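# Observations on chain architecture
Single-letter residue listing:
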Amino acid sequence: METLSENTAFGGVQGVYRHRSEACDCDMTFGLFLPQEAQDGPVPVLWYLSGLTCTHENAMTKAGAQGWAAEQGIALVFPDTSPRGEGVADDPAYDLGQGAGFYVNATQAPWAPHFRMWDYVAEELPRLIDANFAIDPERQAITGHSMGGHGALTLAMALPGRFRSVSAFAPIAHPAGSDWGRKQLTAYLGADETAWAGHDASLMMRETGFDGPVLIDQGGSDQFLDLLKPETLAEALAARRQEATFRMQKGYDHSYFFVSSFMEDHVTFHASALWA
């Protein structure tokens, strides 16, 4: 693992690291914020999964999460959103290929050799971080924005016991029923829609739910509301009688201005579960 940068921030360290990924068969980069408490022993960790077109850097520099995480004594992990580099398949569209991994293990050509973001986020990167940093693997939570909100919700529900809490900012809530999802799931997983069910937060919520608290924030003026389909997830939460808070935030759009406005709420929400 190569250290690309380390900067003191809020008494802790914001680092950026690169390593060779077996899951994605390419070099991958991630950000990791460790609060000051990590100098004395393992700390809880909050995973942040980013959205379409993003890298590890977007949330790391725009979400304003480090200050709130430092107050709560928890670490933050910022993975990339897809494999990258020469020889990695791509597409001219912004919503497919590099920058748009959708947190699935692709089974279809030309994506299958590298686009294994589920395995990367669920298995490989946690093992790497556990082995090299002062992280407590028994105290994990997960959040994300847009495509990353989709990833956070589906990972949390598919891995019971892994995460104590899950939240999302404007998640792609029903990809199997949206143009933000049907295109990508077809490309990565094939036309058989039964293979998509484990990557649709609304379907999974109705089927299994989550074994902990859930927090969803959605901007009421989000320019992508019709693609995100928040109403489908809200209905699934109610049908499941899930322990959850779903908030429509009047006037907010899909940007990081929205994310940063409610980041304190989300970090505090996760800290309550992580330190319980």
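Figured I'd write up the structure that's included with this text.

Definitions and cut-offs
- Residues numbered from 1 in each chain as written.
- Predicted model: local features only at pLDDT ≥ 70, side-chain atom pairs only at ≥ 80, totals over all residues.
- Heavy atoms only, no water.
- Helix = DSSP H or I, 4+ residues; strand = E, 2+ residues; numbered from the N terminus.
- Rg over C-alpha atoms; globule rule 2.2 N^0.38 Å.
- Buried < 20%, exposed > 50% of the residue type's maximum accessible area, 1.4 Å probe, protein only.
- Contact = heavy atoms within 4.5 Å.
- Phe/Tyr/Trp six-rings, centres within 6.5 Å; stacked < 30°, edge-to-face > 60°.

Along the chain, the regular secondary structure elements total nine helices and nine strands. Relative to the compact-globule value of 19 Å for 276 residues, the chain shows a C-alpha radius of gyration of 17 Å, a close match. Dimensions of the chain, computed from C-alpha atoms along their principal axes, come out at roughly 50 × 45 × 35 Å. Relative to its full complement of 276 residues, the chain shows a buried share of 59%. Sequence-distant contacts, at least 24 apart, represent 73% of the contacts inside the chain between residues at least 6 apart.

Moving on, we come to the packing of aromatic side chains. Enumeration over the complete set of coordinates arrives at 11 aromatic pairs. Centroid distance Y17 to F30: 5.5 Å. Interplanar angle 35 degrees. Geometry classified as tilted. Residue Y17 is located in strand β2 (residues 12-21), and its partner F30 is located in strand β3 (residues 26-34); the two are separated by 13 residues in the primary sequence. Both residues of the pair, Y17 and F30, belong to the buried class. Ring geometry for F115 against Y188: centres 5.6 Å apart, planes inclined by 20 degrees, an arrangement best described as stacked. Here F115, found in the loop between β5 (75-78) and α3 (117-132), pairs with Y188, found in helix α5 (residues 179-189); they are 73 residues apart in sequence, far enough to count as distant.

By themselves these figures say nothing about function.
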